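One letter stands for each residue in the lines below.
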Amino acid sequence: MWFERLVRLQARLRAANGCPWDVEQTHLTLRTYLIEEAYEVLEALETGDDAKFAEELGDLLLQVVFHAQIASEEGRFDAADVARDIQQKLVRRHPHVFGEKRAKDAGEVLKNWEQIKAEERRSKSSEQGTDPGEQSRNAPASLLDGIPHTLPAVMQGYQLTRRASRIGFDWDNVEGVIAKIQEELRELDAARFAQSPEQIEDELGDVLFATVNLARFLKVDPEIALKRSNAKFTSRFREMERLASASGRALADVPRNEMELLWDQAKAAEPEESRPVRAKKAAVRR
């Protein structure tokens, strides 16, 4: 009921006598908000504040409803179509729950999921009248199909390696991944000494890709891990600025070796537990 009310409310805001800002929006102008809201959901999740988490999920849901409303006005699809399609997809991709097929563990579920997705892509090609022979020559089906090129590079690399790992194209152990990173670092060093900007960029990309693969192998989302490191750096740097200001100087005027001391002080001033860890413990207590 509340979802239907939200859909009607957004339609009202987009009506001729609605909100001028809402009326002006298009799929393209809303792209930034869609990305921002997704990241704000992640940030709220880490705080352990359920009210904030629910609020941000609502903001993200609004983006879905907003896009559906724009499409509805153009006669393409509406929010009901979105809800129906995802419900049908979930049933179709969980035959071990809604059908006779069984899955012994999560790994088998993911493997079956990819097979079902591949079958769906073939079915869509057939419905659209694509010549299978022509498709095989020009754009053969791939396990990597469906990974958006618009994803941030770290997230895209994570998805690529995760897809490949599902059919066994993976390292046997974490030591192999670490050895690969070390190999890529040596190649980056060689490119640096060769003073080839193009080669340096290429080899640095390989180092980053291998590091993303390590994160995936360790079952860590690299995008989230990097976000946390960014936040940690930001907090420490701001504390350095505060400490410098307390001594009557701007941080830029502090000698480099003293900056290291300020950095150590900023680290020492941090609480022992990170915020996500505290949130997890709070959840356990509840």
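Structure: see above.
Reading the values: rules and limits
Residues numbered from 1 in each chain as written. Predicted model: local features only at pLDDT ≥ 70, side-chain atom pairs only at ≥ 80, totals over all residues. Heavy atoms only, no water. Helix = DSSP H or I, 4+ residues; strand = E, 2+ residues; numbered from the N terminus. Buried < 20%, exposed > 50% of the residue type's maximum accessible area, 1.4 Å probe, protein only. Contact = heavy atoms within 4.5 Å. Areas by Shrake-Rupley, 256 points an atom, 1.4 Å probe, with all protein chains shown as cover. Phe/Tyr/Trp six-rings, centres within 6.5 Å; stacked < 30°, edge-to-face > 60°. Lys NZ or Arg CZ within 6 Å of the ring centre and 35° of its normal. Core = buried A, V, L, I, M, F, W, Y, C linked by side-chain atoms within 4.5 Å. Patch = residues over 30% accessible without salt bridge, like charges linked within 9 Å, V, L, I, M, F, W, Y side chains within 5 Å. Salt bridge = Lys/Arg side-chain N within 4 Å of Asp/Glu carboxyl O.

Caption draft 1: Representation of the overall build of the protein within the structure. A tally of helices and strands in the protein yields 14 helices and zero strands. Each helix (α) and strand (β) of the protein, taken in turn from the N terminus, gives the series α-α-α-α-α-α-α-α-α-α-α-α-α-α. Within the protein, the proportion of its 286 residues that are buried is 22%. Relative to all contacts within the protein whose residues are 6 or more apart in sequence, the contacts with residues 24 or more apart total 53%. Counting every atom, the protein has about 19900 Å² of accessible surface; 57% of that belongs to carbon and sulfur.

Caption draft 2: Structural context of the environment of K117. Relative to the elements of secondary structure, K117 occurs in helix α7 (residues 106-127). In this structure K117 comes out as buried when scored by relative accessible area, which is 15%. Along the backbone, K117 and R92 are 25 residues apart, and their C-alpha atoms lie at a distance of 9.7 Å. If we skip the residues at most four places from it in the chain, K117 touches R93 and R163.

Caption draft 3: Focus on the packing of aromatic side chains. This structure, assessed with the given rule, holds four aromatic pairs. Aromatic side chains W21 and Y33 sit 5.8 Å apart centroid to centroid with 80° between the ring planes, which places their arrangement in the edge-to-face category. One end of the pair, W21, is in helix α2 (residues 20-24); the other, Y33, is in helix α3 (residues 31-47), and twelve residues separate them in sequence. Residue class for W21 comes out partly exposed when judged on its relative accessible area of 38%. Members of the aromatic cluster, connected to one another through ring pairs, are W21, Y33 and F66. The ring of F193 has R192 sitting right over it, with the charged end atom 4.6 Å from the ring centre.

Caption draft 4: Up close: the nonpolar core. Residues M240, L243, A244, L251, V254, L262 and A266 constitute the largest nonpolar core, which totals seven residues. Looking at this core, the element that brings in the most residues is helix α12 (residues 222-246), giving three residues. Grouped together as the second largest cluster of nonpolar side chains are five residues, V174, V177, I181 and A210 included.

Caption draft 5: Up close: a nonpolar patch on the surface. A contiguous nonpolar patch, built from F3, L61, V64, F77 and V82 and spanning about 360 Å² of accessible area, is present on the exposed surface. Inspection of the secondary structure assignment puts F77 in the loop between α4 (50-73) and α5 (79-92). Given the relative accessible area of 33%, F77 is considered partly exposed.

Interpretation in functional terms is not warranted from these geometric data alone.
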